[in-house]
Amino acid sequence: MTITDEIERTLAQDPVMAELLEKHDPYSERDWAEFERLCISIINQQLSTASALAVRERVFDLLKDEVTPETVLAADEDALREAGLSRTKVEYVQNAARAFQRNDFTREGLADHSDEEVIDLLTEIKGVGEWTARMYLLFVLDRQDVLPLGDLAVRRGIERLYGNGDGDEDEVGEMTRAEMREIAESWRPYRSIATLYIWAEYESDT
């Protein structure tokens, strides 16, 4: 994502975010193909950053960096498990492969769909939950106003930066998701970009 002057002006209205803009370069990724990035999100589910990266490298090596619906469905299941995928995640990437063969989930195919419509379509795939769908919105479709509070690092990052909340069951420590959404209101319509800076700060502290 390109950080324009307008984005900087909007985010800098939040003093905390203004400091992050000065401190970090925005987090960026290689330009993955759509199916590749969905597989990465499935691999990343419930794994630490280091563990997920190691599994991803082994799986992509197994597929000779040709990660397509066809190569995933042709791959030996035992080999995928030896590369680090659980039995469940093997099923999930196979489900995603079949879904991509049936439907157009490319950037062009989803260009006219709203964020919520994209989430609805993707979460019809068994193994793709709302967090994974929001990662797709953010990293594949470059939607600029995604706030992925299903991501633990985002919640922990916001809590570290913005202090104390009232606390309830839906919390990381003391700050509720409702409080986090309220903080993020000032980032609209660029909550995706703000999230990249939250991630950058969180990773620098861990």
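For the structure itself, consult the block above.
Bear in mind that the values here come from a model prediction, so they are computed numbers and not experimental data. (Residues numbered from 1 in each chain as written. Predicted model: local features only at pLDDT ≥ 70, side-chain atom pairs only at ≥ 80, totals over all residues. Heavy atoms only, no water.)

A. Region of interest: the overall build of the protein. Scanning the protein from N- to C-terminus turns up twelve helices and zero strands. Reading the helices (α) and strands (β) of the protein from amino to carboxyl end gives α-α-α-α-α-α-α-α-α-α-α-α. For the protein, whose C-alpha radius of gyration is 18 Å, the value lies close to the compact-globule estimate of 17 Å for 206 residues. Dimensions of the protein along its principal axes, counting C-alpha atoms only, are 50 × 35 × 30 Å. Looking at the protein as a whole, 46% of its 206 residues qualify as buried. Sequence separation of at least 24 residues holds for 65% of the intrachain contacts in the protein that already meet a minimum separation of 6. Split by element, the accessible area of the protein, about 10900 Å² in all, is 42% carbon and sulfur. (Helix = DSSP H or I, 4+ residues; strand = E, 2+ residues; numbered from the N terminus. Rg over C-alpha atoms; globule rule 2.2 N^0.38 Å. Buried < 20%, exposed > 50% of the residue type's maximum accessible area, 1.4 Å probe, protein only. Contact = heavy atoms within 4.5 Å. Areas by Shrake-Rupley, 256 points an atom, 1.4 Å probe, with all protein chains shown as cover.)

B. Local environment of a negative patch on the surface. A contiguous patch of negative charge, built from Glu57, Asp61, Asp65 and Glu66, is present on the exposed surface. The exposure class of glutamate 66 is partly exposed, given its relative accessible area of 49%. (Patch = residues over 30% accessible without salt bridge, like charges linked within 9 Å, V, L, I, M, F, W, Y side chains within 5 Å. Salt bridge = Lys/Arg side-chain N within 4 Å of Asp/Glu carboxyl O. Lys, Arg positive; Asp, Glu negative; His and termini not counted. Charge placed at Lys NZ, Arg CZ, Asp CG, Glu CD.)

C. The arrangement of the pattern of salt bridges in detail. Considering all chains together, one arrives at ten salt bridges under this definition. Here glutamate 201 ties to lysine 23 by a salt bridge, and the two come within 3.1 Å at their closest N and O atoms. Taken as a pair, glutamate 201 in helix 12 (residues 191-205) and lysine 23 in helix 2 (residues 15-23) lie far apart in primary sequence, 178 residues in all. Overall, the relative accessible area of 9% leaves glutamate 201 in the buried class. Where glutamate 130 meets arginine 134, a salt bridge forms, and the shortest distance between an N and an O atom there is 2.9 Å. Of the two residues, glutamate 130 and arginine 134 are both situated in helix 9 (residues 130-139); the distance of four residues between them amounts to about one turn of the helix. With a relative accessible area of 45%, glutamate 130 lands in the partly exposed category.

D. Representation of empty space enclosed by the protein. For the coordinates displayed, the defined rule picks out one cavity of 30 Å³ or more. Cys39, Ile43, Val59, Leu63, Val67, Val72, Leu80, Leu85 and Val93 together form the lining of the largest cavity. Classifying every residue of the lining of the largest cavity gives nine nonpolar, no polar and no charged. (1 Å grid on protein atoms, 1.4 Å probe; cavity = no way out; pocket = protein on both sides within 12 Å on 5 of 7 lines; lining within 4 Å. Points joined across faces, edges and corners; volume = space filled by probe spheres on them. Nonpolar A, V, L, I, M, F, W, Y, C, P; charged D, E, K, R; others polar.)

E. Molecular detail of helix 9. Where burial is concerned, most of helix 9 is hidden: eight out of the ten residues are buried. Within the span of helix 9, buried status applies to Thr132, Ala133, Arg134, Met135, Tyr136, Leu137, Leu138 and Phe139. Among the structural elements, helix 3 (34-44), helix 7 (87-102), helix 8 (115-122) and helix 12 are those in contact with the buried residues of helix 9.

F. Structural context of the packing of aromatic side chains. Enumeration according to the criterion identifies five aromatic pairs in this entry. Ring centres 5.2 Å apart and planes at 55° place the aromatic pair phenylalanine 100 and phenylalanine 105 in the tilted group. Using a relative accessible area of 13% as the deciding quantity, one classes phenylalanine 100 as buried. Each ring, one from tyrosine 162 and one from tryptophan 187, has its centre 6.2 Å from the other, and the planes form 55°; the classification is tilted. With tyrosine 162 in helix 10 (residues 152-162) and tryptophan 187 in the loop between helix 11 (177-184) and helix 12, this residue pair connects regions lying 25 residues apart in the sequence. The two residues tyrosine 162 and tryptophan 187 agree in class, both being buried. Linked through ring pairs, Phe35, Phe100 and Phe105 together constitute an aromatic cluster. (Phe/Tyr/Trp six-rings, centres within 6.5 Å; stacked < 30°, edge-to-face > 60°.)

G. Structural view of the packing of helix 3 against helix 4 (residues 49-62). Running from N to C, helix 3 and helix 4 cross one another at 135°; their axes reach a closest spacing of 9 Å. One finds that helix 3 runs oblique with respect to helix 4. As for the relative orientation of helix 3 and helix 4, their crossing is right-handed in sense. Across from Glu36, Ile40, Ile43 and Asn44 in helix 3, the residues of helix 4 making contact are Ala52, Val55, Arg56, Val59 and Phe60. Split into classes, the residues belonging to the contact of helix 3 with helix 4 amount to six nonpolar, one polar and two charged. (Axes fitted to C-alpha atoms, helices over the stretch in contact; angles between N-to-C directions. Parallel < 35°, antiparallel > 145°, perpendicular 65-115°, else oblique. Left-handed = near helix turned anticlockwise from the far one by under 90°.)

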